[in-house]
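# Summary of structural features
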Amino acid sequence: MLKAVIAAAFAVCSSGAALAQTGPLVSADWLLENLDDPNVRVFEVSVDRGVYERGHIPGAVDLNWHTELVDPINRDIASREDFEAKLRASGVTDETTIVLYGDNNNWFAAWGAWVFHVYGLGDQVTLLDGGRRLWEARGLPLDSAPPAFAASTITLQDRDLSLRARLGDVLEVAESRVDAHIVDIRSADEFNGVIFAPEGVRELSVRAGHVPNAINVPWGRAVNEDGTYKSADELRALYAEAGIDGSKPIIVYCRIGERSSHTWYALSQILGYEVRNYDGSWTEYGNSVGVPIVNVAGTVWTGR
Amino acid sequence: MTTTETIAEARVGHPFPARALASAAVLAALLAGAFVLYAPSAEARALSFSLLIGTLFGVVLQRSRFCFFCNFRDFYEKREPRGVLAILVALAVGVALYHVVFITWMPVPIEGRLPPTAHVGPVSPVLALAALVFGLGMAVSGSCLSAHLYRLGEGSPTAPFALLGAGIGFVAGFLTWNPLFLAVTARSPIVWLPHAIGYSGTLVLSLAVIAILAVVVLALSRSGASPASAEPLSLRVVARRVFVERWPAAAGGAAVGVIAMLAYFRVAPLGVTAELGSLARTAANGAGILPETLYGLDTLRGCATVIKETLLSNNGLFVLGLVGGSFAAALLAGQFKPKWPTGSQAVRGLAGGALMGWGAMTGLGCTVGVLLSGIHAGALAGWVFLAFATAGAALGISLMRRLVPGY
């Protein structure tokens, strides 16, 4: 136990250097200046295929959300072996500052950041504020050649399960057996059960509504017009207004866990609250048997 | 069309200054559209680029009379090889340039992965049937869909009916999609040649097959003398050759191959039916006649149709540019000749269009989206479409000769 504490303290101190340099967010200007730094490794996590290939931030490695950040067989995050192999091939070491960005408002990049945190690389990971959209809007350079790096020998830690909520954890809060906040970051219409899924997305849940005791703060309220996160003060005020001040543990969820990663990042990395991401999210909770929901609109699946 | 005919055509109709002015106005409008669409975001840049590359494609199709069916028919009936050679050049140039992109994006053709958004579709008897029916539709209506679009810019009386018919054919395709998917397509392989024989193998094999086809076409041809004359080059002669006469097969074909690569590199593979199909799907869905789900459709590569949620789409602007570019080129060349349609043209357009629409929906694209963009991408489906659409066209010509006097 003592050994683990010392190791953890050492890890925080040693890699604190990388984090102190960047913080949880880096600006496009910072990244532009540090692109040639061999200790900076950029990963693009875009969910739309062809986006990375047609032009990515120079030197960025493609991290495929569908295959490299999840385990599609077990509906799980990527296995330690696979993720470690990917990072080794990308030349990531204990000294590397890892910058993530992606399409779709950085949702999937934030998922990526969460996975890096789960595997103990949290203090090396940072997010490009504003993601791909801002980089493109500013007309900053893109490249279409895949990068190549000398392989590293990095070894990942075991998963940090304290960053992940499972169905049972959520149920304990829903049934008021555990005192914590649940933040539902979906749209108000999804939260209230008016719709099952956002426009253009298949309805994958047989029930509409939300987890009992959940508070609705749609993810988009945490960002500015240009897609960058609001300032820490603004975020603190935003969540405080909803009754979330970091005094209790927090669980965030959405539909499949990617938009909630975006809010997980704001609450845990920018505000420093204790937050777990529930990646099973509504597609698991809403479909689970014997689990209570709140359905304000009363919408019934295929009901007339 | 011979040179003398082209020149004679150019001399009739409106005087040259008026045509040039009208043509410049159309081009200026398209460029202004691209300018207005441009905004500092990836989506806006793609929309703007789509309109521009569509315009260029339209100009090239019109100037080189790049029409899959007419070129085939010229060869099939008159043994005139130039048009078919233009298609083969387009295939060869495109397949080579696509490989430059592939090797950049995906240095190794990893098993289980396809190059992003390339048109690599399933190979099945359904695809063969779709291509055959598409070929029949070409023969009935007189053109493939991309040629109907560029001919719209020439004032073709058949084209509007063919496009309307294609919309109807698409709806028929949606209605037969689910049973065909469950019975056949769901279990059919998606064959990307580089998975089996690598990039080099695919390139060599594709170019070898194209070369053999070219040799066969030339061996069978009974072409007249080349229209290239010994007249000295002057600004006037060059302007006439560029803006009035039909471009040489190699130039037109190479331009199509280059445009195919540019379009793939920047936005998406060439295709002309996605927007048409999406309009049909949106209308039919609105009318409530479509099945609730079209199985697997969203997971297959090709000219995908979607229920439209936005007015502007990349493919819509590409097609708009195609028609506009062809219109501008035809105006300048004196080849814009709108005619009032006859009953026969309307019927043939509608019937042929419907056959092509069904074929393009069921086969996930047409002579551009599957044949051209598929062969460029190393998809076996492209070659299957080529074989069966050609067979369908030959069959269609024989049938039409019997059914329609003077065909």
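Just so we're clear, the structure is a prediction, and the values are computed from it rather than from any experiment.

Scoring rules and cut-offs
Residues numbered from 1 in each chain as written. Chains lettered and ligands numbered in written order. Predicted model: local features only at pLDDT ≥ 70, side-chain atom pairs only at ≥ 80, totals over all residues. Heavy atoms only, no water. Helix = DSSP H or I, 4+ residues; strand = E, 2+ residues; numbered from the N terminus. Rg over C-alpha atoms; globule rule 2.2 N^0.38 Å. Buried < 20%, exposed > 50% of the residue type's maximum accessible area, 1.4 Å probe, protein only. Axes fitted to C-alpha atoms, helices over the stretch in contact; angles between N-to-C directions. Parallel < 35°, antiparallel > 145°, perpendicular 65-115°, else oblique. Left-handed = near helix turned anticlockwise from the far one by under 90°. Contact = heavy atoms within 4.5 Å. Nonpolar A, V, L, I, M, F, W, Y, C, P; charged D, E, K, R; others polar. Core = buried A, V, L, I, M, F, W, Y, C linked by side-chain atoms within 4.5 Å. Phe/Tyr/Trp six-rings, centres within 6.5 Å; stacked < 30°, edge-to-face > 60°. Buried area = accessible area lost by both parts, 1.4 Å probe. Salt bridge = Lys/Arg side-chain N within 4 Å of Asp/Glu carboxyl O. 1 Å grid on protein atoms, 1.4 Å probe; cavity = no way out; pocket = protein on both sides within 12 Å on 5 of 7 lines; lining within 4 Å. Points joined across faces, edges and corners; volume = space filled by probe spheres on them. Polar contact = N/O pair within 3.5 Å; in protein donor to acceptor, adjacent residues only side chain to side chain. Expected span 1.5 Å × (residues − 1). Pairing = 2+ DSSP bridges.

Okay, the overall build of chain A next. Regarding its fold elements, chain A presents twelve helices and eleven strands. In terms of C-alpha radius of gyration, chain A reaches 19 Å, essentially the compact-globule figure of 19 Å for 304 residues. Overall size of chain A, expressed as C-alpha extent along the three principal axes, is 60 × 50 × 40 Å. Looking at chain A as a whole, 52% of its 304 residues qualify as buried.

Another point: the packing of helix α2 (residues 16-37) of chain B against helix α13 (residues 314-333) of chain B. Residues and elements named next belong to chain B. As a packed pair, α2 and α13 sit with axes 7 Å apart at the nearest point and diverge in direction by 160°. In terms of orientation, α2 and α13 fall into the roughly antiparallel class. The chirality of how α2 crosses α13 is left-handed. Within the contact between the two elements, α2 uses F16, R19, A20, A22, S23, V26, L27, L30 and L37 and α13 uses L317, L320, G321, G324, G325, F327, A328, L331, L332 and A333. Of the residues contributing to the contact of α2 with α13, the split by class is 14 nonpolar, four polar and one charged.

Below, the discussion takes up the nonpolar core. Side chains of nonpolar character tend, in soluble globular proteins, to be buried together. Residues B:F134 and B:L270 are the most contacted members of the largest nonpolar core, which totals 98 residues. Looking at this core, the element that brings in the most residues is helix α5 (residues 82-105) of chain B, giving twelve residues. Setting aside its immediate chain neighbours within four residues, B:F134 contacts B:C144, B:L145, B:L355, B:M356, B:G359, B:A360, B:C366, B:T367 and B:F385. If you look at the next biggest cluster of nonpolar residues, it comprises 55 residues, including A:F108, A:W114, A:V183 and A:I270.

The next subject is the packing of aromatic side chains. All names here are of chain A. For the structure on display, the rule yields 26 aromatic pairs over all chains. For the pair F43 and F116, a centre-to-centre distance of 5.8 Å together with 55° between the ring planes defines the contact as tilted. Here the residue F43 occupies a position in strand β2 (residues 40-44), and F116 occupies one in helix α6 (residues 107-118), the gap between them amounting to 73 residues. The exposure class of F43 is buried, given its relative accessible area of 0%. A relative accessible area of 0% means that F116 is categorised as buried. Summarising the aromatic geometry, the rings of Y253 and W282 are spaced 6.5 Å apart at their centres and angled 25° between planes, so their arrangement reads as stacked. One end of the pair, Y253, is in strand β10 (residues 250-253); the other, W282, is in helix α12 (residues 281-285), and 29 residues separate them in sequence. The same class applies to Y253 and to W282, which are both buried.

Each partner contributes residues to the interface: chain B has 18 residues there, and chain A has 17 residues. For the chain B and chain A pair, buried surface summed over both sides reaches about 1,300 Å², with 48% attributable to carbon and sulfur atoms. By the criterion of area lost to chain A, the three top residues of chain B are B:W105, B:R113 and B:P116, representing 34% of everything that side buries. The interface formed by chain B and chain A includes two salt bridges.

Moving on to the packing of helix α3 (residues 42-64) of chain B against α13(B). Residue and element names in this part refer to chain B. Between α3 and α13, whose axes approach to 6 Å, the crossing angle comes to 40°. Here α13 runs oblique to α3, going by the angle between their axes. Classified by chirality, the crossing of α13 by α3 is right-handed. In the contact of α3 with α13, the residues fall into 14 nonpolar, nine polar and one charged.

A probe as big as a water molecule, rolled over the atoms, marks out the empty space that is left. Residues and elements named next belong to chain B. Tallied over the full model, the rule gives four cavities of 30 Å³ or more. Looking at the largest cavity, it is lined by 17 residues, and the ones nearest its centre are G121, P122, L127, G363 and L364. Taken together, the elements giving at least two residues each to the lining of the largest cavity come down to α6 (125-141) and α15 (367-376).

We now examine the side chain of A:S90. Residue and element names in this part refer to chain A. Counting through the fold element by element, S90 comes out in the loop between α5 (80-89) and β6 (97-101). By relative accessible area, which is 3% here, S90 ends up buried. Within the local environment of S90, its side chain forms a polar contact with the backbone oxygen of K86, the two atoms lying 2.7 Å apart. Sequence-distant contacts of S90, that is, excluding residues within four places in its chain, are made with R41, F43, V61 and F149.

A few words on the layout of surface pockets. Residues and elements named next belong to chain B. The volume enclosed by the second largest pocket comes to roughly 900 Å³. Taken together, 28 residues make up the lining of the second largest pocket; nearest its centre are R65, C70, G142, S143 and R151. Counting residues per element, the ones that place at least two in the lining of the second largest pocket are α4 (68-78), α7 (145-152) and α14 (343-362). At seven residues, the largest contribution of residues to the lining of the second largest pocket is made by α4. By residue class, the composition of the lining of the second largest pocket is six nonpolar, ten polar and twelve charged.

Attention shifts here to α14(B). All names here are of chain B. Across its 20 residues, α14 extends 28 Å between first and last C-alpha, which sits within 8% of the 28 Å expected from 1.5 Å per residue. Among all positions in α14, only A346, G349, G352, G353, M356, G357, W358, G359, A360, M361 and T362 are buried. Packed against the buried residues of α14 are α6, α7 and α8 (159-183). Positive phi appears at L364, one or two residues downstream of α14, with a value of about 65°.

On to the sheet that holds strand β9 (residues 214-216) of chain A, then. Residues and elements named next belong to chain A. What the four strands build is an open sheet, ordered β9-β8-β10-β11; its pairing is parallel. Each having just a single partner strand, β9 and β11 (275-277) make up the two edges of the open sheet. For this sheet the average axis-to-axis angle between neighbouring strands, irrespective of direction, equals 30°. The sheet contact formed by strand β8 (residues 181-184) and β10 spans four bridges and is parallel. Bridged to I182 within β10 is I251. On top of the sheet, helix α11 (residues 259-270) reaches β10 and β11; it is set at about 165° to β11, its chief contact.

Residues and elements named next belong to chain A. Considering the arrangement of structural elements, one finds H210 in the loop between α9 (188-191) and β9. For H210, a relative accessible area of 6% corresponds to the buried category. Here the side chain of H210 touches F191 through a polar contact of 2.6 Å, landing on its backbone oxygen. Leave out the neighbours within four places in its chain, and H210 touches D184, R186, F191, Y253, W282, I293, V294 and V296.

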